Amino acid sequence: MDFVKKSLELAQKCDSHCKTAFRVGCLIVNNSTNEIISIGYSREVNLTDHAEEIAINRAKDKFKEGNTYTLYTSMEPCASRLTPDRDSCVSLIERYKQFITRVVVITREPKGIFIDNPKGVESLKSMNIQIEMVNNEYIINKCIQLNSDICFYMKKVERKVTKAARELAKGNFVVIGDDREREDEGDLVLAAEFATAEKIEEMRSLCSGIIWGSMTERRCKQLNLYPMVGDNKDNHQTAFTV
């Protein structure tokens, strides 16, 4: 139980201001010696890091042939990931399953917050990795409480996005605010099918800056529209075309 509590303590170290990722703690323990060989918690290094990912990357050079290890995590490892070009935590565990033979999980990932139907536990079981779910109600509730504000925030965001989509479908404008750490600005958005001369003039009168439309790379090629510059040095790599 001490290792389970340790995973929860690590989760509590996560940045409490970030509302777009769960707070998760993880540690890996040698089954023979009960020695903790690595620890990690979400966003410890950057905003896209997962706890299991950090712990595994720190442990991979410490795994020893003939030894087995248990991974303790406060929330089930992800089987799919929203961050592009990053392995899921389940994939990382599978890569080292000759060493990581047991995974202890405090709670399942809440459905519909980031992933509609998380299947981390099921995926690990299909790999014949031993799964143990913690049955201590106090610890489970502490873990749920730790992430309750994130669940509330994301549900609120979902409602706002749904409302915005309805307004766009009606041909109305929607203001989308940029992240404060990016450009910290607001964009006036309109569905392209409703972009009449009157709507464009309204955008010109209300806003500054440029008016642009988004297109797929395939459509740009069909219209012989190529990148504005060959070497894009824009801070955010915005793919403007002319």
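Parameters and conventions
- Residues numbered from 1 in each chain as written.
- Predicted model: local features only at pLDDT ≥ 70, side-chain atom pairs only at ≥ 80, totals over all residues.
- Heavy atoms only, no water.
- Salt bridge = Lys/Arg side-chain N within 4 Å of Asp/Glu carboxyl O.
- Helix = DSSP H or I, 4+ residues; strand = E, 2+ residues; numbered from the N terminus.
- Buried < 20%, exposed > 50% of the residue type's maximum accessible area, 1.4 Å probe, protein only.
- Patch = residues over 30% accessible without salt bridge, like charges linked within 9 Å, V, L, I, M, F, W, Y side chains within 5 Å.
- Areas by Shrake-Rupley, 256 points an atom, 1.4 Å probe, with all protein chains shown as cover.
- Contact = heavy atoms within 4.5 Å.
- Core = buried A, V, L, I, M, F, W, Y, C linked by side-chain atoms within 4.5 Å.

Some words on the pattern of salt bridges
Within this structure, the stated rule accounts for 11 salt bridges. Linking Glu53 and Arg81 is a salt bridge whose minimum nitrogen-to-oxygen distance equals 2.8 Å. Taken as a pair, Glu53 in helix 2 (residues 51–59) and Arg81 in the loop between strand 3 (69–75) and helix 3 (89–95) lie far apart in primary sequence, 28 residues in all. The class of Glu53 is buried, set by a relative accessible area of 8%. Given a relative accessible area of 15%, Arg81 falls into the buried group. Notably, a salt bridge pairs Lys221 with Glu217, separated by 3.5 Å at the nearest N-O pair. Of this pair, Lys221 and Glu217 are both found in helix 8 (residues 217–222), 4 residues apart, which corresponds to roughly one turn of the helix. The class of Glu217 is exposed, set by a relative accessible area of 58%. Each of Asp49, Glu53, Arg81 and Arg86 takes part in salt bridges that share partners, so that together they form one network.

Considering a nonpolar patch on the surface
Together, Ile210, Trp212, Met228, Val229, Phe240 and Val242 give the surface a local cluster of nonpolar side chains, amounting to about 640 Å² of exposed area. Of note, Ile210 is situated in the loop between helix 7 (197–206) and helix 8. The class of Ile210 is exposed, set by a relative accessible area of 58%.

Here we look at the environment of Ser80
By the element assignment, Ser80 lies in the loop between strand 3 and helix 3. Every residue in contact with Ser80, bar those within four places of it in the chain, is listed here: Ser88 and Ile115.

Topic: the nonpolar core
Soluble globular proteins: nonpolar side chains tend toward being buried together. Grouped together as the largest cluster of nonpolar side chains are 27 residues, with contacts concentrated most on Ile28, Phe63, Ile100 and Val103. Taken together, the elements giving at least two residues each to this core come down to strand 1 (25–30), helix 2, strand 3, helix 3, strand 4 (100–107) and helix 4 (120–126). Of the residues forming this core, the biggest block, 4 residues, is contributed by helix 2. Those residues in contact with Ile28 that lie beyond four places of it in its chain are Glu35, Ile36, Ile37, Ser38, Ala55, Ile56, Ala59, Phe63, Tyr69, Thr70, Leu71 and Ile100. Core analysis: the second largest hydrophobic core is formed by 17 residues, Ala11, Val104, Val134 and Ile139 among them.

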